[in-house]
Structures are given as structure tokens and as C-alpha cells.
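What the coordinates show
Here's the letter readout for the chains.
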Amino acid sequence: MMQKKDIPNAICWFRIALIPLVLLFLIPNRISYMLIPYHTSILISGILFTIAMVSDFVDGKIARKYNFVSDLGKFLDPIADKMLVLAVCVAFAGIGTFKNATILVSVVAILLRELMISGLRLSAASHSVAEYSQYSTAEDVHLRGVAAQLLFLATELGYTYFYLVARWLGEG
């Protein structure tokens, strides 16, 4: 039987389990297209991604509020976040949603950054250096989640519209 203190970890495992479903509806395939149109498939994938990102916020909030922070959670949560965001970014780059080198360069930069950060964390852990950071990790993950959400919107609404909105936001 699951105890209350295991709820944040269960939510984290749920987030990991959502990744294949997000990709199933995001990446063009015969299974999803036989059942639903392309734009509906992207919309479903975006909704599942949003649920996964909200679950990240919820599991962290529960863990901190009720002091259910565990070593497994400290290890699993960042991995789940990276798996989710990077899988979506690589899928968008791989399916050629944007015929733009900027997107590919951005995805490669995100991948390299994640690999370097993970390497630094592993190195710190092997030298018994405490690296748990409540502050920067949560904001960083949520920012990447918002960026991935913008990719879903760009796919659904069209690149030109996305470009105009991003440019308008950049000028403001």
C-alpha cells in the first residue's frame, strides 16, 4: 500500500509514464493518424505535455509542503523533467516541424547544456558535494516547459504566427 509520503514520487513516475503518450501523439505515425487528424493529435500531445508539466509543479509543492522530500525524489524529479522536455524538443526537431536551423541549433544547445549539467552533478555527487538546489532548478524547468509549450502552439498555429508573436514579445 502506498503511503502519503510516496505521493510525490508516484506523481513523478506518472510524469515519466506520460512521455511515450506525448510522443505517440506528437510524432507522425500510422496509429494516431488512423484514429484522429494531425492537428488534433498535436493538440492531444500538447495537453498531455501540459498535464506532465503541471504534475512537476504539484509533486514538488506536495513534497516541500508536507516534508515528503526523499532521496529518490531528489534524484528522479530532475531526470523526469529532462526526459520530458528533451524528448519533446528532439521530437519537434526530428519531425521537421520547423524548416529552420535556429530550432535545430536551439535543441542541440539545450541537449548539450543538459549533458554538461548532468555531468557536473554526477561529478559533484562522486565527490560527496551537496548540490540540491530548490531555487534555480524549479524555475529553470518551468521555463523550459513554457518554451516547449510555445513549440506546441507554433506547430498548431503555424510558424509565421509564432514568429510574429515572439517578435512582438521581444520588442515589448
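Scroll up a little and you will see the structure.
Here is a short report on the structure shown in this document. What you see is a predicted model; the values in this text were computed from it and never measured. (Residues numbered from 1 in each chain as written. Predicted model: local features only at pLDDT ≥ 70, side-chain atom pairs only at ≥ 80, totals over all residues. Heavy atoms only, no water.)

**Focus on the overall build of the chain**
Per the secondary structure count, the chain includes seven helices and zero strands. In sequence order, the secondary structure elements of the chain are arranged as α-α-α-α-α-α-α. Per-residue burial for the chain yields a buried fraction of 31% across its 172 residues. Put simply, 79% of the contacts in the chain that link residues at least 6 apart link residues at least 24 apart. (Helix = DSSP H or I, 4+ residues; strand = E, 2+ residues; numbered from the N terminus. Buried < 20%, exposed > 50% of the residue type's maximum accessible area, 1.4 Å probe, protein only. Contact = heavy atoms within 4.5 Å.)

**Some remarks on a nonpolar patch on the surface**
Together, Trp 13, Leu 72, Phe 75, Ile 79 and Met 83 line one region of the surface with nonpolar side chains, adding up to about 490 Å² of accessible area. Per-element accounting of the nonpolar patch gives the leading share, four residues, to helix α4 (residues 71–94). Exposure remark for Phe 75: the relative accessible area of 54% places this residue in the exposed category. (Patch = residues over 30% accessible without salt bridge, like charges linked within 9 Å, V, L, I, M, F, W, Y side chains within 5 Å. Areas by Shrake-Rupley, 256 points an atom, 1.4 Å probe, with all protein chains shown as cover. Salt bridge = Lys/Arg side-chain N within 4 Å of Asp/Glu carboxyl O.)

**Some details on the nonpolar core**
Membership of the largest hydrophobic core comes to 19 residues, with the highest contact counts inside it found for Val 22, Leu 26, Leu 48, Phe 49, Met 53, Leu 84 and Val 88. Tallying contributions element by element places α4 first for this core, with seven residues. Residues contacting Leu 48, with those up to four places away along its chain left out, are Leu 18, Leu 21, Val 22 and Phe 25. (Core = buried A, V, L, I, M, F, W, Y, C linked by side-chain atoms within 4.5 Å.)

**Comments concerning the pattern of salt bridges**
In total, this model carries four salt bridges according to the counting rule given. Residue Arg 15 is joined to Asp 56 by a salt bridge in which the shortest nitrogen-to-oxygen separation is 3.6 Å. You can see Arg 15 sitting in helix α1 (residues 7–26) and its partner Asp 56 sitting in helix α3 (residues 38–65), a full 41 residues away along the chain. For Arg 15, a relative accessible area of 0% translates into the label buried. Judged by relative accessible area, Asp 56 falls into the buried class, the value being 7%.

**Side note on the packing of α3 against α4**
Two numbers describe how α3 lies on α4: the axes approach to 11 Å, and their chain directions differ by 160 degrees. Considered as vectors, α3 and α4 are oriented roughly antiparallel to each other. The element α3 and its partner α4 pack so that their crossing is left-handed. Between α3, through Phe 49, Ala 52, Met 53, Asp 56 and Asp 59, and α4, the contact on the second element is made entirely by Asp 77, Asp 81, Leu 84, Val 85 and Val 88. (Axes fitted to C-alpha atoms, helices over the stretch in contact; angles between N-to-C directions. Parallel < 35°, antiparallel > 145°, perpendicular 65-115°, else oblique. Left-handed = near helix turned anticlockwise from the far one by under 90°.)

**So, α3**
Helix length check: α3, at 28 residues, gives a terminal C-alpha distance of 41 Å against a target of 40 Å (1.5 Å per residue), a fit within 8%. Of the residues one or two after α3, Asn 67 is the one with positive phi, at around 60 degrees. (Expected span 1.5 Å × (residues − 1).)

**Some details on the environment of Lys 74**
As for its placement among the helices and strands, Lys 74 is situated in helix α4. Between the alpha carbons of Lys 74 and Gly 60 there is a distance of 9.8 Å; along the sequence they are 14 residues apart.

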